[in-house]
Amino acid sequence: MKRLVSLWLNGRHREDAVSDNLLLLDYVRETAGLTGTKCGCDGGECGACTVLIDGEPRLACLTLAAACEGKRVETIEGQAAGGKLSPLQQSFHENLGTQCGYCTPGMIMASEALLRRNPRPSEADIREALSGNLCRCTGYVKIIESVKAACES
Amino acid sequence: MNEIASCASHGEGIPAPTHAAGRRQPLIDGIEKVTGRARYTTDLPATQALTGAILSSPHAHAEIVSIDVSRARALPGVRAVITGEDCDVPFGILPIARNEYPLARGKVLYWGEAVAAVAAEDEQTARAALDLIEVEYRTLPVYISAAEARAPGAVLLHANKPGNVEREVNNTFGDVDAGIAAADLVREESFHYAEVAHAQIEPDCTLAEFDPESGRLTVQSVSQVPYYVHLTISECLKMDPADVRVIKPFIGGGFGHRTETLPFEITAALLARAARGTVKLQLSRAETFTIHRARPETDIRLKIGMKKSGEITAVDAEVVQRGGASAGYGIITILYAGALLHTLYRMPAVRYRGFRVYTNTPPCGPMRGHGGVDMRHAFESLMDMMAETFGLDAFAVRRANLFVAPYQSVNELKVSTCELAACLDWVEQASGWRSRKGKLPRGRGLGVACSHFISGAAKPVHWTGEPHATVNLRLDFDGSITLLTGAADIGQGSSTLLAQIAAEVLGLELARFRVIAGDSALTPKDNGSYSSRVSLMVGNAALAAAEDLKRQLVAAAAKRLEVGVEDIECLGEAYRVIGTDRMVSYRDVVKSALEVTGPLTTRGTYTVPLDMQGGKYRGAGVGPSPAYSYAASVVEVSVDEDTGQIKVEKLWVAQDCGVAINPLAVEGQVQGSVWMGMGQALCEETEFVNGRPLRGNLLDYRVPTIVESPPIEVKIVASYEPNGPLGAKEASESSLGSIPPALAAAVAEAIGVRLPGLPLSPDRVLAALHARRREERLKSALAGAR
Amino acid sequence: MTRLCEFSLRHPETIEEAARLLAAEPEVRVIAGGTALLTNLRLGLGKPASLVSLEHIPGLDKIEVSAQEVRFGAGVTLARLATVPAVRASLPALAQAALTVAGPSHRSAATLGGNLCLDTRCVYYNQNEVWRRSNGYCLKHGGEVCHVAPQGKRCHAAYSGDLAPLLLVLQAEITVTGTGGVRRMPLGQLYHDDGAQHLTLARGELVTEVSVPLPAPGMQLAYRKARVRDAIDFPLAGVAMGLRMDAGRVAELHLALTGTNSQPVLLTGTAELRGAAADAALAERVGKLVQRQASPQRTTVTTSNYRRQVATALARRLVLELAAAGAGQSRGTA
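As the structure is a computational prediction, the values presented were derived from the model and not from experiment.

Each value, and the rule that gives it
All chains use their own residue numbering, which begins from 1 and follows the written sequence. A letter from A marks each chain and a number from 1 marks each ligand, given out in the order of writing. For a predicted model such as this one, the threshold for reporting local features is a pLDDT of at least 70, and the threshold for listing and counting side-chain atom pairs is 80 or more; totals across whole chains, interfaces and linings nevertheless cover every residue. Working from all heavy atoms in the structure, the side-chain values ignore hydrogens and water. Secondary structure counts use DSSP, requiring at least four H or I residues in a row for a helix and at least two E residues in a row for a strand, with both numbered from the N terminus. The contact criterion used throughout is that any non-hydrogen atoms of two residues lie within 4.5 Å. How far a helix is expected to stretch is found by multiplying one less than its residue total by 1.5 Å. Here's how the labels work: a residue is buried when its accessible area is under 20% of the maximum for its type, exposed when over 50%, partly exposed in between, all with a 1.4 Å probe on protein chains only. Buried area adds together the accessible area that both of two parts lose upon being put together, with accessible area traced by a 1.4 Å probe. For this document, the term salt bridge refers to a Lys or Arg side-chain nitrogen within 4 Å of an Asp or Glu carboxyl oxygen. Polar contact is the term for a pair of N or O atoms within 3.5 Å; when the atoms are in protein, one must be able to donate a hydrogen and the other to accept it, and sequence-neighboring residues count only if both atoms are side-chain atoms. Each residue gets one label: Ala, Val, Leu, Ile, Met, Phe, Trp, Tyr, Cys and Pro are nonpolar, Asp, Glu, Lys and Arg are charged, and the others, such as Gly, are polar. Any two strands with at least two DSSP bridges between them are considered paired. Orientation is described by axes fitted as lines to C-alpha atoms, over the contacting stretch for helices, and by angles from 0 to 180 degrees between their N-to-C directions. In summary, the charge assignment counts Lys and Arg as positive and Asp and Glu as negative, without counting His or the chain termini. Orientation is classified from the angle alone, with under 35 degrees giving roughly parallel, over 145 giving roughly antiparallel, 65 to 115 giving roughly perpendicular, and any other angle giving oblique. In this scheme the handedness of a crossing depends on how the near helix is turned from the far one: anticlockwise by less than a right angle means left-handed, clockwise means right-handed. Note that the domain bounds reflect an automated or database-derived domain assignment.

Concerning the environment of Arg132 of chain C
All names here are of chain C. Assignment of secondary structure puts Arg132 in helix H8 (residues 129-134). Along the sequence, Arg132 and Leu43 sit 89 residues apart, while their C-alpha atoms lie 9.6 Å from each other. Non-local contacts of Arg132, meaning those with residues more than four positions away in its chain, are made with Leu43, Gly44, Leu45, Tyr124, Tyr125, Gln127, Tyr137 and His141.

Okay, here's the thing in structure tokens:
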């Protein structure tokens, strides 16, 4: 069954006919064509698809698009505004918080959720906020440094 | 135009050349990654693509009696159905060991092996078509362990390999028996290592576009080795390689998973041709685990002879690797396990026996630290145990065995530089070893270990006689320089490094450069990103290409300034007559340089000098390298004796990688590498039940999370490698192997028990603690009875 | 694209309507946060014709604190449970237990009701369709045999929710709404010891509210979770305990387990510990209780033996820890 779903994606209003069984991950990537949000596992194991829904970090791979009616969905593509990287994007870039880059959008979105709630997180807060996001390249060291540096900027 | 005026128009005095090398350089493609604009294979626009899907074997070992695809073919929306019948060319990375087919022919050798594939108009139809394919199997005995597969009477997986042994290695260098006889202590121990997986976060995916009008094929895939993908696909599809183009998009990690052509890549191409269109073949995480190609389950029996001084007199090692169902890199892996014994410490005599065994498990392959990691754990652990007998400190026993470079090992490997002594000094000091070791509270411990790795194999796996690496630099009217390389940036930062090298030579800012990496229509062939070869080999090629370009620019400047080339110095954004203020801007030099010839392309190549290509014995091709990198690590742990849980408190790593061209990236590589070693040491393992993989997901294959990942302090020790570009050698694999033994040693101090293998999962640690307590109780009971 | 079976998503606006929808057809499932349900559907575990979402039903996300109890709507997310100041103040151990579930992006969707009704888990069950089919399916889903104990007649899949044990210790009650009306019952009555059918809910029933009596003064509470990684993982074993000491002796002790049996287990025999001093002997007795009543089977990649041992060890340690905390507190308040 399809239904019309209207939502805000990175601040822009959209209305799409979506199947009830469409995952938000596929909506974002295929329907809206925003491929920055990644799929790394078969469901809920890696955090690569983390997006914000009404400001909360959520797994797009375990969310139905039809359940996002009226909500504000934010993805990595919405982070740079006015030709300027967000502080987290800038910091992940400068501090090598990204290597292969595949976990990076999820990492940045999970970090973004943290910083909106808590602009001066401790290292423990950072670890806690990113605990559902796996990275296989960095050993997480420079990810933590990137989030810390973004707070200072 | 007046030369001086043209410079003055920049509003500057005499410009200084930029030093792009040696500085902490963010990735040249980092902005794409942090903005989500980077397109990985699965992200490529392919709205018209058909969906590919694979029917996999439900058995771990069986004959295929029949396959009926007629009902699947008849399903509306299905555009192609293929089976093993559609490709009769075996493939494999080593020309001497090709025994894998993209789709099984006659037999299936592991659970999940591809048997048939479908291209359909949508996912649902593709899945429905798979359900309509009827396969009849006759099951065969399943061999999961190497011992089962080697047992007398076992069915052979490959008819030409008796005993299911793919390769037996028997190498002796030096007089082992005399060395053992001369030792003050000889000790032998056995170790068992679980199989681990790369678990790169990007699942496997290939996009294959077949153009029916031209008969040409374009493949974009998750590869570390686009050239091999190109070669294998054209062979398997019996196509002229000129009709194939392979493009490497952004790659979400490799770690060795993607260093050979993988069956699904060929299958995607076969499907695209059969469907006469574009096919996207996206694998699930579970399927990606089944592709595997990682570090095998390994058994090691190791004997060391040691003098009271700690000096090692001889080594006798036997290794059995469960290689999985096909050859892949197996021969190389079993050879590395022996070859890498020689170049970390001074080894007077080494006997090595290795068995690479075919089993009904997914094919193993190279994984970061290829071949050396499990052996390094066994070696460093046994060395520690023996040092304890002599009352020697763990640092002392290692120092007793250091060699001074240049050094030639008994198996004829040449080490030009080695700063392992400095690495040991740093980790000893930084970790506070001297004041803390042995004085930590119960449940806490420190351990040290060393490791090393090659900077690329001196002999490429596929010998063509061509240079090992080629880089082109393209300079056009706009003054921008495009670096063209086949080397695959898989997240390690190779594109950034190559641009830094070229920019350093030319004295220019990185902003003048673009890098195009891995597009067979544009970039020169490259063997790929494996065995840590890119920094040194492709780096040298980039250096040569840049030097050639600089020569041409200097010549153009000399002509323009009407002096000899020897009178010109390159200042990057200007070229000047030495000792004067006469100069010409870079842009004007470019104009002059292009005047007659038009746009310039220079070529730099690198070939490993013949005297570094190793000995003449069987297997001598594995081990030689133009340079070896070294690392020492100290690990601090605390262990919860109630739960068996290990907490890694901190890692200290000192790395000798020659000159760090990008210290930021070196730190990142070392941190990632040692952390991966930590995962293998703590909790990562695969497991099979009745031939089925039990942990084919990221919940049960336990990649450490950020919470239990420790702070990692990295020191890049001062070093200069004459064979490397600007003094550099590899930095991504050499440190990994030091962590499992250092961690195990730290655990041994913390709980007084040494476990004979990996991983040190909580259940194993607790079982070992309980066994120790039982033993102690028994001992005290016996003592009481006396 | 990810394959999920076809279903229609319903958004009832009252609990009664939700109950009616749930009762109306056999293949229908409740979806709240969806983190557990959608994972299973992606593996092909179940093909519901419709999903009944609780999202539009007002009041399911309430948290009401009174002098006697805290009442939670079943739709309260674990993220709120862990962070709302009123919960952290009145039931800090519950907030802490919620934080042990998965990762933050799961917790901002997952709900209290969903965690209580979490499906049981097993390595032979939480696999994809291709895997399970090649293994002949299993007793819990589509097959005849339990691969964990092929001789037996029951499913041994383990209950792995992190909140139930502490709520059992707290003597929480749940409100269940169905087409037949509303009933309130102790949380323990929600569960059966059967991995294939571990909930007692009848067709058309759903958990709508959880009432947690405020613990007696001096009651020390905690939840400890054994797992290999410090995030994401389900419990290999989880131990919740409530302990009240009086003059150095046990006045009240409740102890519950998760991850070890097909249901969360409130241990019996704890009343006999009343009057015991907080010493090694007490820890030993507590450990014995756990050892006898925990029944882990080969349902995880980690051995069942380890899970029993670690549950025992955590309980032993926890009783002394809570006793010491209680003593510290009474000294502090004195």
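Some remarks on helix H17 (residues 586-597) of chain B
All names here are of chain B. The first and last C-alpha atoms of H17 sit 17 Å apart over 12 residues, in line with the 16 Å expected at 1.5 Å per residue. Of the residues making up H17, those classed as buried are Tyr586, Asp588, Val589, Val590, Ser592, Ala593 and Leu594. Gly598 sits one or two residues past H17 and shows a positive phi near 80 degrees.

Notes on the interface of chain B and chain A
The partner chain A presents 41 residues to the 54 residues of chain B that form the contact. With both sides pooled, the region where chain B packs onto chain A buries about 3800 Å², and carbon together with sulfur makes up 61% of that total. At the junction of chain B and chain A, the tally comes to 4 salt bridges. Joining chain B to chain A, the criterion identifies 22 residue pairs in polar contact (both at pLDDT 80 or more). Take the side of chain B that touches chain A: its biggest share by element is 9 residues, from helix H18 (residues 663-682) of chain B. Across the side of chain B that touches chain A, the residue classes break down as 29 nonpolar, 17 polar and 8 charged.

Comments concerning the sheet that holds strand S5 (residues 114-120) of chain B
Residue and element names in this part refer to chain B. Reading across the sheet, the 7 strands line up as S3-S5-S1-S12-S9-S10-S11 and stay open at both edges, with mixed pairing between neighbours. A strand with exactly one partner marks an edge of an open sheet, and here the two such strands are strand S3 (78-83) and strand S11 (244-247). Taken pair by pair, the neighbouring strands of this sheet meet at an average axis angle of 20 degrees, ignoring direction. In the sheet, strand S1 (residues 50-56) pairs with S5 via 6 bridges, with the strands oriented antiparallel. The residue of S5 that forms the bridge with Gly52 is Ala119. Helix-sheet contacts for helix H4 (residues 123-132) involve S1, S3 and S5, and the interaxial angle to S1 is about 25 degrees.

What about the side chain of Arg58 of chain A?
Tracing the backbone shows Arg58 of chain A in strand S4 (residues 56-59). Here Arg58 of chain A occupies a buried position and makes no salt bridge, while the nearest side chain of opposite charge, Glu55 of chain C, is found at 6.0 Å. In this structure, Arg58 of chain A is in contact with Cys49, Thr50, Val51, Ile53 and Thr63 of chain A together with Ser105, Ser108 and Ala109 of chain C, ignoring residues within four places of it in sequence.

Focus: the packing of helix H3 (residues 104-117) of chain A against helix H5 (residues 141-152) of chain A
Residue and element names in this part refer to chain A. H5 packs onto H3 with a crossing angle of 40 degrees between their chain directions and a minimal axis gap of 11 Å. The orientation of H3 with respect to H5, classified from their angle, is oblique. Considering how the two elements wind past one another, H3 and H5 form a crossing that is right-handed. Contact residues: Met107, Ser111 and Leu115 in H3; Ile143, Val147, Ala150 and Cys151 in H5. Among the residues forming the contact of H3 with H5, the class breakdown is 6 nonpolar, 1 polar and no charged.

Thoughts on the interface of chain C and chain A
Contacts between chain C and chain A engage 29 residues on the former and 30 residues on the latter. When chain C packs against chain A, the two sides together hide about 2500 Å² of surface, and 55% of this comes from carbon and sulfur. On inspection of chain C and its partner chain A, the count reaches 2 salt bridges. Between Lys71 of chain A and Glu55 of chain C there is a salt bridge, and its shortest N-O distance comes to 2.3 Å. Residue assignment for the side of chain C that touches chain A shows that the elements contributing at least two residues are strand S1 (8-10), helix H2 (37-42) and helix H6 (104-107) of chain C.

Thoughts on the packing of helix H16 (residues 534-561) of chain B against H17 of chain B
Residues and elements named next belong to chain B. Relative to each other, H16 and H17 sit at 95 degrees, their axes nearing to 8 Å. As judged from the angle between their axes, H16 and H17 are roughly perpendicular. For the pair H16 and H17, contact is made by Leu553, Ala556, Ala557 and Arg560 and by Tyr586, Asp588, Val589, Val590, Ser592 and Ala593, respectively. Residues belonging to the contact of H16 with H17 are distributed by class as follows: 7 nonpolar, 1 polar and 2 charged.

Focus on the domain arrangement of chain C
All names here are of chain C. When cut into domains, chain C gives domain 1 (63-117 + 158-213) and domain 2 (220-329). In this structure, domain 1 and domain 2 have C-alpha centres spaced 20 Å apart. Tallying the contact residues gives 24 residues for domain 1 and 28 residues for domain 2. In total, domain 1 and domain 2 occlude about 2000 Å² of area from one another, counting both sides; carbon and sulfur atoms represent 62% of this. By the criterion of area lost to domain 2, the three top residues of domain 1 are Ala158, Tyr159 and Val169, representing 26% of everything that side buries. Remark: the boundary between domain 1 and domain 2 carries 1 salt bridge. Between the two partners, domain 1 and domain 2, sit 12 residue pairs in polar contact (both at pLDDT 80 or more). Counting residues per element, the ones that place at least two in the side of domain 1 that touches domain 2 are helix H5 (92-99) and helix H9 (164-169).

Describing the sheet that holds strand S31 (residues 757-758) of chain B
All names here are of chain B. Overall, mixed pairing links the 6 strands, which are arranged S7-S15-S14-S13-S8-S31 in an open sheet. Both outer strands of the open sheet, strand S7 (165-173) and S31, are each paired with one neighbouring strand and no more. Pairing of strand S8 (residues 185-193) with S31 involves 2 bridges; the strand directions are parallel. By the bridge assignment for S31, Tyr193 is matched with Leu758. Where helix H11 (residues 373-389) meets the sheet, its contacts fall on S8, strand S13 (297-306), strand S14 (312-324), strand S15 (350-358) and S31, and the angle it forms with S13 comes to roughly 35 degrees.

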